[in-house]
Amino acid sequence: MSIWWSLHLRREAASVPLARRLLLGTMETAGVDPDISHDLSVALSEACANAVEHGGMNAAPGGGSEAYRVTAYLDGEKCRIEVADSGPGFTAECPAHAHAHADAEAGRGLYLIRELADHVHIGNKPGLGGAVVSFDKILKWREDAPLMAV
């Protein structure tokens, strides 16, 4: 069995804990190990905070820049999360492309995402622009997990 959901959220700080709580609730209901759920929820919070802070600098007033999208897939043994915005995207000089360190202010969230997830892709949306951060993590399940991969 698999679960997926997608949210379109306003670029407001209040949207970050909303996305995090939905992810945590989904994983708890499915029976995902709490340590894995915590790692993914922190990574999601960092990706959402980046979208809120940087996700609309490029768009015209009244355009699509006032929102960003979060999509989560729990499918068998893996969870994939994608956060996409309508900002200017990543440039070659951006900390996303130069592996930022934990003590560096710029890029700290991307560093955390890389540390907490098993596979990370950071790039730009083709066409209209915007950044996309997606990451995967192999799931561990509680003993009583209703959706455990078999």
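Details of the structure are given in the entry above.
The shown structure was predicted, so the numbers you read here are calculated from the model rather than taken from an experiment.

S.K.: Would you take a moment to explain the overall build of the protein for this structure?
M.R.: Across its full length, the protein holds 3 helices and 5 strands. Going residue by residue from the N terminus, the α and β elements of the protein occur as β-α-α-β-β-α-β-β. Across the 150 residues in the protein, those meeting the buried criterion constitute 43%. Within the protein, counting contacts between residues at least 6 apart in sequence, those at least 24 apart form 64% of the total. Approximately 8,200 Å² of the protein is accessible, and the part contributed by carbon and sulfur atoms is 54%.

S.K.: How should I be thinking about the pattern of salt bridges in this particular structure?
M.R.: Proximity of charged atoms lets side chains of opposite charge pair with each other. The tally for this structure, following the rule as stated, stands at 5 salt bridges. Of the charged contacts, one joins Lys-137 and Asp-39 as a salt bridge, the two residues approaching to 3.6 Å between their closest N and O atoms. With Lys-137 in strand S5 (residues 131–138) and Asp-39 in helix H2 (residues 34–54), this pair connects stretches of sequence that are 98 residues apart. Asp-144 is paired through a salt bridge with Arg-142; the nearest N and O atoms lie 3.0 Å apart. Judged by relative accessible area, which is 55%, Asp-144 ranks as exposed. A residue is classified by how much of its surface remains accessible, and Arg-142, at 25% relative accessible area, is partly exposed. Overlapping salt bridges bring together Lys-78, Arg-80 and Asp-136 as one network.

S.K.: What should I look at first to understand the sheet that holds strand S4 (residues 119–124) in this one?
M.R.: As summarised here, the arrangement of the 5 strands in space is S1-S2-S3-S5-S4, forming an open sheet in which the pairing is antiparallel. Each edge of the open sheet carries a strand with a single partner, namely strand S1 (2–10) and S4. Sheet twist, expressed as the average angle between the axes of neighbouring strands with direction ignored, equals 10°. Helix H1 (residues 15–30) rests against S1, strand S2 (67–75) and strand S3 (78–84) of the sheet, and its axis sits at about 170° to S1.

S.K.: What am I meant to see in H1 here?
M.R.: Given 3.6 residues per helical turn, the α-helix brings residues three or four places apart onto the same face. In this model, H1 (16 residues) spans 23 Å end to end at C-alpha, consistent with the 22 Å of a helix rising 1.5 Å per residue. Every buried residue of H1 is accounted for by Ser-15, Val-16, Ala-19, Leu-23, Thr-26, Met-27 and Ala-30. The buried residues of H1 all sit within an arc of 115° when viewed along its axis, so they share a single face. Exposed residues pointing more than 90 degrees away from the buried face of H1 are listed as Arg-21, Glu-28 and Thr-29. Contacts made by the buried residues of H1 are with S1, H2, S2 and S3. Within two residues after H1, Gly-31 carries a phi angle of roughly 100°, on the positive side.

S.K.: Looking at this model, I keep getting lost on the side chain of Asp-85. Mind explaining?
M.R.: Tracing the backbone shows Asp-85 in the loop between S3 and helix H3 (108–116). One buried charged residue, Asp-85, forms no salt bridge at all, with the nearest opposite charge on Lys-125 at 6.1 Å. In this structure the side chain of Asp-85 is engaged in a polar contact, spanning 2.9 Å, whose partner is the backbone nitrogen of Gly-87. Looking at Asp-85, its side chain comes within polar contact range of the main-chain nitrogen of Ala-131, at 2.9 Å.

Conventions and cut-offs
Residues numbered from 1 in each chain as written. Predicted model: local features only at pLDDT ≥ 70, side-chain atom pairs only at ≥ 80, totals over all residues. Heavy atoms only, no water. Helix = DSSP H or I, 4+ residues; strand = E, 2+ residues; numbered from the N terminus. Buried < 20%, exposed > 50% of the residue type's maximum accessible area, 1.4 Å probe, protein only. Contact = heavy atoms within 4.5 Å. Areas by Shrake-Rupley, 256 points an atom, 1.4 Å probe, with all protein chains shown as cover. Salt bridge = Lys/Arg side-chain N within 4 Å of Asp/Glu carboxyl O. Pairing = 2+ DSSP bridges. Axes fitted to C-alpha atoms, helices over the stretch in contact; angles between N-to-C directions. Expected span 1.5 Å × (residues − 1). Arc of directions from axis to C-beta. Lys, Arg positive; Asp, Glu negative; His and termini not counted. Polar contact = N/O pair within 3.5 Å; in protein donor to acceptor, adjacent residues only side chain to side chain.

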